[in-house]
Amino acid sequence: MRQAAYRLPHFYFRLARLKAIFESPHYGQMTRVSRALSISCLAFGFWFSPSLLVAQDAKPSPSGASAGVSEEKAIALAEQGHCKEEVPSLKRILGGQGSAELRKKAGIVGLRCAMKMDSTDAALDFLRLLNHQFPQDPDVLFVLVHAYSDLSSRVAQNLASTAPRSLPAHKLNAEALEVQGKWDEAQREYEEMIAKEPDAPSLHYLLGRLLLSRPQPDANSVQRAKEEFQKELQIDPRNAGAEYILGEMARQDSQLEEAILHFSRAAKLDSGFGDAFMGWGFCLVTLKRYEEAVPPLQAAVRLQQGNPSAHYNLAVALSRTGQKEEADKEFAIHRRLAQKPPPTEGTAQ
């Protein structure tokens, strides 16, 4: 099997490559799982550190401080550390009719307060309102990234402390090792899990994904990954991700009939899996089975409207089946998206 760069769809198995520096005086006292799961907190959680949110010498809020104060005063008090007293006011301001800047500031300060207070419910309320009112505001989006990351890290730490030997904890540990690029350690973690629970769903899939995620996987790793995906499907026949990767591996080996089987199964298992529809349609176009290619490519275009390759391959299929007007529309969309004539990587002519 020749080596290839496998394109892994984001929704299923693309891991962010995060490089974090783990420096803690308590590092040696932590369990192996806790160490790995704490990295995301070190990388992102600083944003919600109390030392960055409030003055450490903030004095308690005077009794009834929220009563009758202006909206600006409520925000100022919260910024000074009077979070518990002012969170209700901040929610009211965010949901009110004030200026956009005032509402945004109240929401951001309120979210920071909720995180400082470790109030998940309040934090989720602020997240929902901020996302609804300012869906494209860069300041808000920046805040949301860190808030969601910090919430995730807190749950991960809770899992590590309450059930450090559980399968989910070990899965998170393996993923954290992947994030650090510690491929051998992550592989051993998955293999140890499989040795203990060989029929547990997702483990063979995760190991296969890891083997292909390594920088420049060799032929043995690629073959081992293929075997792991096949084992996964024996355990969980509804794993659309495993079907898709087997399809992509077959496509890159020019085994198009086999690829079609895997891509079509993945698409049928998950009707929102645009990459699977794209791979399915692409292989049919390559085999000049244009009429069969039209439906999956139409689904790919619907699911991935900004994908120029999907529009191009659909245009080819439509033109070869006599649907010239529709084909011309798709060619025009492709040109607009690609800003130059085809082909692009992964398309057929």
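Please read these numbers as outputs of a predicted model, since none were measured by experiment.

## What to know about helix 9 (residues 167-179)
Taking 1.5 Å per residue as the helical rise, helix 9 with its 13 residues ought to reach 18 Å, and the 19 Å between its terminal C-alpha atoms agrees with that figure. Taken as a whole, helix 9 has its buried residues at Leu-167, Ala-169, His-170, Asn-173, Ala-174, Ala-176, Leu-177 and Glu-178. With its phi angle positive at about 75°, Gly-181 sits one or two positions after the end of helix 9.

## Structural notes on the environment of Asn-158
Inspection of the secondary structure assignment puts Asn-158 in helix 8 (residues 138-162). On a C-alpha basis, the gap between Asn-158 and Ala-169 in space is 9.8 Å, while along the polypeptide they are 11 residues apart.

## Digging into the state of the cysteines
Throughout the structure, instances matching the rule amount to 1 disulfide. Here Cys-83 is linked by a disulfide to Cys-113, with a sulfur-sulfur distance of 2.1 Å. In this structure, the disulfide formed by Cys-83 and Cys-113 twists by about -65° around the S-S bond and is classed as left-handed. Placement of Cys-83 in helix 5 (residues 83-94) and of Cys-113 in helix 6 (residues 100-116) is noted, with a sequence separation of 30 residues between them. Each member of the pair, Cys-83 as well as Cys-113, carries the same accessibility label: buried.

## A closer look at the confidence of the model for the protein chain
Across the protein chain, the average pLDDT comes to 82, with 77% of residues at or above 70. Scored below 50 in pLDDT, residues 1-69 makes 133 contacts in the model with residues more than four places away or belonging to other chains. Scored below 50 in pLDDT, residues 342-347 makes 12 contacts in the model with residues more than four places away or belonging to other chains.

## Some words on the packing of aromatic side chains
Two descriptors summarise a pair of aromatic rings, namely the distance from one centre to the other and the angle between the planes of the rings. Tallied over the entire structure, the rule returns 5 aromatic pairs. Summarising the aromatic geometry, the rings of Tyr-244 and Phe-263 are spaced 5.5 Å apart at their centres and angled 50° between planes, so their arrangement reads as tilted. Within this pair, whereas Tyr-244 is found in helix 13 (residues 240-252), its partner Phe-263 is found in helix 14 (residues 256-269), the two being separated by 19 residues in sequence. Phe-263 shares its class with Tyr-244; the two are buried. Taking the centre distance of 6.1 Å and the plane angle of 25° together, the rings of Phe-277 and Trp-280 count as stacked. Highlighted residues: Phe-277 and Trp-280, both in helix 15 (residues 274-286), separated by 3 residues, approximately one helical turn.

Criteria and thresholds
- Residues numbered from 1 in each chain as written.
- Predicted model: local features only at pLDDT ≥ 70, side-chain atom pairs only at ≥ 80, totals over all residues.
- Heavy atoms only, no water.
- Helix = DSSP H or I, 4+ residues; strand = E, 2+ residues; numbered from the N terminus.
- Expected span 1.5 Å × (residues − 1).
- Buried < 20%, exposed > 50% of the residue type's maximum accessible area, 1.4 Å probe, protein only.
- Disulfide = S-S within 2.5 Å.
- pLDDT = per-residue confidence, 0-100.
- Contact = heavy atoms within 4.5 Å.
- Phe/Tyr/Trp six-rings, centres within 6.5 Å; stacked < 30°, edge-to-face > 60°.

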